[in-house]
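# Architecture at a glance
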Amino acid sequence: MAQKILVVDDVAKNIKLLAGILTAKGYEVITALSGAEALVLIKDQHPDLVLLDVMMPEMSGYEVCQAVRSDPTISMLPIVLVTALDPSERINGLEAGADDFITKPINLPELLARVRSLLRVKELWNKVQAQAEQLAEWNQKLEQRVQEQLALLDRLGRLKSFFSPQLAESIINGGGEDLLKTHRREVVVVFLDMRGFTTFTDSSEPEEVMGVLADYHRVMGQLIVDYDGTLERFAGDGMMIFFNDPIQIANPTVHAVRMALAMQQRFGLLRVMWKKCGYDLDLGIGIAQGYATLGAVGFEGRWDYACIGSVTNMASRLCSEAKGGQILTNQKTLARIEDKVQAEELGEVTLRG
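All of the points below concern the structure found in this document.

### Quick notes on the overall build of the chain
- Broken down by element type, the chain carries 12 helices and 11 strands.
- A compact globule built from 353 residues should have a C-alpha radius of gyration of about 20 Å, whereas the chain, at 42 Å, is more than 25% larger.
- On the principal axes, the C-alpha backbone points of the chain span a range of 115 × 40 × 40 Å.
- Out of the 353 residues belonging to the chain, those deemed buried represent 41%.
- For the chain, long-range pairs separated by at least 24 residues make up 64% of all intrachain contacts whose partners lie at least 6 apart in sequence.
- A total accessible area of about 20,300 Å² is found for the chain, and carbon and sulfur atoms account for 53% of it.
- Of the side-chain charges in the chain, 36 are positive and 47 negative, and the distance between the mean point of each set is 5 Å.

Written out as structure tokens, the structure is:
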């Protein structure tokens with residue numbers, strides 16, 4: 001696109017002369033016969049440079065310069081004053097805001113050289129302005145993105161208080177609705193239960209019971225997260241955890257067994273601490289692998305994520321049979337991890353139900 005030059009002079013033949021020269025050099029030329037008309041065209045046509053006669057009736061070139069420089073929207077527009085006045089009058093032009101001068105009678109090579117020079121400056125200014133606007137737009141988008149991310153983190157933090165971290169992140173990222181739909185999948189279910197807890201609660205103050213539960217839930221809960229388990233529920237000293245849903249993982253049986261071993265080890269430390277307070281508590285764990293039906297259960301305003309099937313019953317019954325410090329599983333589940341653990345055969349056990 002050709003660069004646009006505004007020629008301003010109250011003498012029509014002077015305009016015609018300058019317009020002809022500049023048009024021949026490939027510039028787009030617009031013209032004005034007065035200072036007031038020039039200001040209107042500057043606002044409407046957005047020229048890249050102005051060739052401005054100084055001596056004009058009603059509004060001089062100096063006054064046009066001052067008006068342009070006082071308006072922030074056009075203040076960087078290059079202005080060349082065309083004058084036949086004494087060179088000392090250039091001081092007035094500089095004070096008014098002119099960028100350069102051409103003396104009448106006009107020297108053609110000098111005119112074109114000054115025009116090219118100032119148009120290069122204007123082009124650079126336009127690039128700087130465009131970059132500044134783009135940067136401001138990027139900053140605005142970045143700020144908006146940061147606010148969205150902060151809101152996302154806040155939502156994720158609140159969801160993690162109710163769901164497993166994997167499920168919470170899936171819901172936040174838009175995949176939670178599908179995960180919450182009823183579906184069937186092979187999972188590994190782990191049940192925990194404290195031995196001696198009922199006796200302990202019958203003989204202890206409520207504050208003592210709550211303190212023990214707080215330590216127990218904190219330690220077990222962190223291990224559930226560390227080993228990618230999904231906590232379905234906890235009721236007092238009992239917990240149900242399952243693996244391979246809602247997020248599928250490689251070797252869920254290995255995750256479950258390693259978590260159970262870590263739980264027995266960490267519980268041993270708690271047991272020593274509680275023993276000093278006179279609390280005789282221990283932990284039994286049951287693990288089973290099989291297919292289950294999973295999905296959201298509940299009602300509007302209160303939903304849980306449930307794992308339902310015979311595999312949960314098997315894990316629960318194994319947990320009930322486990323003595324303090326034991327981890328019980330069945331032959332089917334053990335077959336998945338025989339090369340990774342040492343196991344002792346308990347013998348045949350008749351499970352309730």
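### Observations concerning the packing of helix α2 (residues 35-45) against helix α3 (residues 61-69)
- Interhelical geometry of α2 versus α3 gives an angle of 30 degrees and a closest axis separation of 10 Å. Judged on the interaxial angle alone, α3 and α2 are roughly parallel. Where α2 crosses over α3, the handedness of that crossing is right-handed. Contact residues: Gly35, Leu39 and Ile42 in α2; Val64, Ala67 and Val68 in α3.
- Across the contact of α2 with α3, the residue classes tally to 5 nonpolar, 1 polar and no charged.

### A closer look at the pairing of strand β10 (residues 302-308)
- With 7 bridges connecting them, strand β9 (residues 282-299) and β10 associate as antiparallel partners. Its bridge partner lying in β10, glycine 298 is registered against tryptophan 303.
- Adjacent in sequence and paired antiparallel, β9 and β10 are bridged by 2 residues, among which glycine 301 carries a positive phi angle near 100 degrees.

### Here's the deal with the packing of helix α9 (residues 206-226) against helix α10 (residues 252-276)
- Axis separation between α9 and α10 bottoms out at 10 Å; the angle between their running directions is 155 degrees. Here α9 is positioned roughly antiparallel relative to α10, judged by the angle of their axes. Once α9 is placed against α10, the crossing between them reads as right-handed. Contacts from Val212, Asp215, Tyr216, Val219, Met220, Leu223 and Ile224 in α9 reach Met259, Ala262, Met263, Arg266, Phe267, Leu270, Met273 and Trp274 in α10.
- Split by residue class, the contact of α9 with α10 holds 13 nonpolar, no polar and 2 charged.

Parameters and conventions
- Residues numbered from 1 in each chain as written.
- Predicted model: local features only at pLDDT ≥ 70, side-chain atom pairs only at ≥ 80, totals over all residues.
- Heavy atoms only, no water.
- Helix = DSSP H or I, 4+ residues; strand = E, 2+ residues; numbered from the N terminus.
- Rg over C-alpha atoms; globule rule 2.2 N^0.38 Å.
- Buried < 20%, exposed > 50% of the residue type's maximum accessible area, 1.4 Å probe, protein only.
- Contact = heavy atoms within 4.5 Å.
- Areas by Shrake-Rupley, 256 points an atom, 1.4 Å probe, with all protein chains shown as cover.
- Lys, Arg positive; Asp, Glu negative; His and termini not counted.
- Charge placed at Lys NZ, Arg CZ, Asp CG, Glu CD.
- Axes fitted to C-alpha atoms, helices over the stretch in contact; angles between N-to-C directions.
- Parallel < 35°, antiparallel > 145°, perpendicular 65-115°, else oblique.
- Left-handed = near helix turned anticlockwise from the far one by under 90°.
- Nonpolar A, V, L, I, M, F, W, Y, C, P; charged D, E, K, R; others polar.
- Pairing = 2+ DSSP bridges.

Read these as spatial facts, not as claims about activity.
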